[in-house]
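# Topology and contacts: notes
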Amino acid sequence: VGKPTGPTCPRCSTPLKRNSVLCTSCGLNLSTGEQLQQHQSQSEFSFGNMYLDEAVSNMKRDDKMHESHEKSGLPWYVMGILLLVVALCGIGAVLIVDSQLMGPQDPNTLVGRIQQFKIPFMIGIIIACASMLLNLAAVILTLVHAFSRSVGQGLLVMFCPFYIFVYQIMHWEDLKGSFMSLVLASVLGGVAGGLVGSSLPPPSAMNSTPWAVPSQLG
């Protein structure tokens, strides 16, 4: 920053034209030394230098944008697991359409075995896998955070039931994504259990199926 060569405001160092009476930047009356009230309210937290004030304003704006971006985004592992679920659902849809149009494949092949499952059962298995991966990622991130603070906190999170939720709430700013991931994993696990359970036959039907009882026919 070079030293100004022309006249400047004694309060904010803004370059002025010669014979100026009022500083348009800070509102200082150069002849009387009075400060306009409007400029006082605008420069309440001013450094008295227009370049420093502009730098501080830009830094505050960047901090607000960064904070809003962090709050609105999902954790990277949640996005990855959601993409995996979408991919698996797409593969399952292709297999179902293939079985409807081209007929079922040989039961001895992998595709043929998959086509024998009911649709709710397949969806339930996919959601259950997503739930386990989401739960595992959230637990690992919480354990890393806890052990980085102290070994005692890490052991409590690892072995004490439900303490992981307490620890996440205590460090909400850092682990709010992990807390929401555990909640989402619990919900997905319940949905997966319901889908898988609804697609299975009742125990009485399972005991009476032909493949469960040896045939007595000659």
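Residues numbered from 1 in each chain as written. Predicted model: local features only at pLDDT ≥ 70, side-chain atom pairs only at ≥ 80, totals over all residues. Heavy atoms only, no water.

### Observations regarding a nonpolar patch on the surface
Here is the rule: Think of a patch as exposed residues, more than 30% relative accessible area, with no salt bridge, where like charges cluster within 9 Å and nonpolar side chains (Val, Leu, Ile, Met, Phe, Trp, Tyr) cluster within 5 Å. Note on areas: Shrake-Rupley with a 1.4 Å probe; residue coverage comes only from the protein chains shown. Criterion for a salt bridge: a side-chain nitrogen of Lys or Arg within 4 Å of a carboxyl oxygen of Asp or Glu. Here a strand is any run of E in DSSP of at least two residues, a helix any run of H or I of at least four, and the numbering for each starts at the N terminus.
A contiguous nonpolar patch, built from F147, V151, L155, M158 and F159 and spanning about 490 Å² of accessible area, is present on the exposed surface. A per-element tally of the nonpolar patch places helix 6 (residues 151–159) first, with four residues. You can see M158 is positioned in helix 6.

### Considering helix 7 (residues 163–170)
Threshold: Burial classes: relative accessible area under 20% of the type maximum marks a residue as buried, over 50% as exposed, and values in between as partly exposed (1.4 Å probe, protein chains only). The arc under discussion is defined with respect to the helix axis, by the directions toward the C-beta atoms.
Three or more residues of helix 7 are buried, namely Y163, I164, Y167 and Q168. Mapping the buried residues of helix 7 onto a view down its axis gives an arc of 140°, with all of them on the same face. Exposed positions of helix 7 whose direction lies more than 90 degrees from the buried face are I169 and M170.

### Topic: the packing of aromatic side chains
How we decide: Side-chain rings of Phe, Tyr and Trp (the six-membered ring for Trp) are treated as a pair once their centres are within 6.5 Å; stacked means planes under 30 degrees apart, edge-to-face means over 60, and tilted covers the remaining angles.
What the rule picks out here adds up to two aromatic pairs. Geometrically, the ring pair formed by F165 and F179 is edge-to-face, given 6.0 Å between the ring centres and 90° between the ring planes. With a gap of 14 residues between them, F165 in helix 7 and F179 in helix 8 (residues 172–199) connect regions that are remote in the sequence. Exposure remark for F165: the relative accessible area of 26% places this residue in the partly exposed category. Judged by relative accessible area, which is 17%, F179 ranks as buried. A ring pair is formed by W172 and F179, whose centres lie 5.4 Å apart and whose planes are at 65°; its orientation type is edge-to-face.

### A few points about the pattern of salt bridges
Here the structure, examined in full by the defined rule, presents one salt bridge. With its nearest N and O atoms 3.6 Å apart, the salt bridge here joins D174 to R149. Taken together, the residues D174 in helix 8 and R149 in helix 5 (residues 119–149) connect sequence positions 25 residues apart. Look at R149 and you get partly exposed, because its relative accessible area is 47%.

### A short note on the confidence of the model for the protein chain
Interpreting fine coordinate detail is not advised for predicted regions of low pLDDT. Note the cut-off: A residue's pLDDT is simply how confident the predictor is in it, with values from 0 to 100. We call two residues in contact when some of their heavy atoms are within 4.5 Å.
For the protein chain, mean pLDDT is 75; residues scoring 70 or higher make up 77% of the total. Per-element mean pLDDT across the protein chain ranges from 51 in helix 1 (residues 37–42) up to 91 in helix 7. Predicted confidence for residues 40–44 stays below pLDDT 50, and this span has two contacts to residues more than four positions away or in other chains. Scored below 50 in pLDDT, residues 209–218 makes three contacts in the model with residues more than four places away or belonging to other chains.

### Considerations on the nonpolar core
Under the convention used in this document: To qualify as a nonpolar core, a set must consist of buried Ala, Val, Leu, Ile, Met, Phe, Trp, Tyr and Cys residues joined through side-chain atoms within 4.5 Å.
With nine residues, the main nonpolar core is built from A138, L143, A146, V157, Y163, I164, Y167, L175 and L182. Elements with a contribution of two residues or more to this core: helix 5, helix 7 and helix 8. Every residue in contact with L175, bar those within four places of it in the chain, is listed here: L141, T142, H145, Y167 and Q168. Counting residues in each nonpolar core, the second largest holds seven residues, with I126, A130, L134 and A185 among its members.

### Some points on the environment of L30
For L30, the location among the structural elements is in the segment before helix 1. Residues L30 and S20, spaced 10 residues apart in sequence, show a C-alpha to C-alpha distance of 7.6 Å. The contacts of L30, once residues within four sequence positions are left out, are P10, L16, S20, V21 and L22.

### A closer look at the side chain of Q168
Structurally, Q168 is set in helix 7. What makes Q168 buried here is its relative accessible area of 0%. Ignoring anything within four residues of it in the chain, the contact list for Q168 reads A138, T142, L175, S178, F179 and L182.

### Things to note about the packing of helix 6 against helix 7
Describing two packed helices takes the angle between their axes plus the distance from one axis to the other. What counts is decided by this rule: Convention adopted: a line fitted to C-alpha atoms gives each axis, helices being fitted over their contacting stretch, and angles between N-to-C directions are expressed from 0 to 180 degrees. Roughly parallel means an angle under 35 degrees; roughly antiparallel means over 145; roughly perpendicular covers 65 to 115; every other angle is labelled oblique. Ten residue types, Ala, Val, Leu, Ile, Met, Phe, Trp, Tyr, Cys and Pro, are classed as nonpolar, four, Asp, Glu, Lys and Arg, as charged, and the remainder, Gly among them, as polar.
Here helix 6 crosses helix 7 at 135°, and the two axes come no closer than 7 Å. Looking at the two axes, helix 6 sits oblique to helix 7. Contact residues: Q153, L156 and V157 in helix 6; Y163, I164 and Y167 in helix 7. Class assignment for the residues of the contact of helix 6 with helix 7 results in five nonpolar, one polar and no charged.

### Structural notes on the packing of helix 5 against helix 7
Formally: It is the rotation of the near helix from the far one that decides the hand of a crossing: anticlockwise by less than a right angle makes it left-handed, clockwise makes it right-handed.
At a closest axis distance of 11 Å, the pairing of helix 5 and helix 7 adopts a crossing angle of 65°. In terms of orientation, helix 5 lies roughly perpendicular with respect to helix 7. Helix-helix and strand crossings are classified by hand; for helix 5 and helix 7 the assignment is left-handed. Of helix 7, the residues touching helix 5 (which contributes A138, V139, T142, H145, A146 and R149) are I164, Y167 and Q168.

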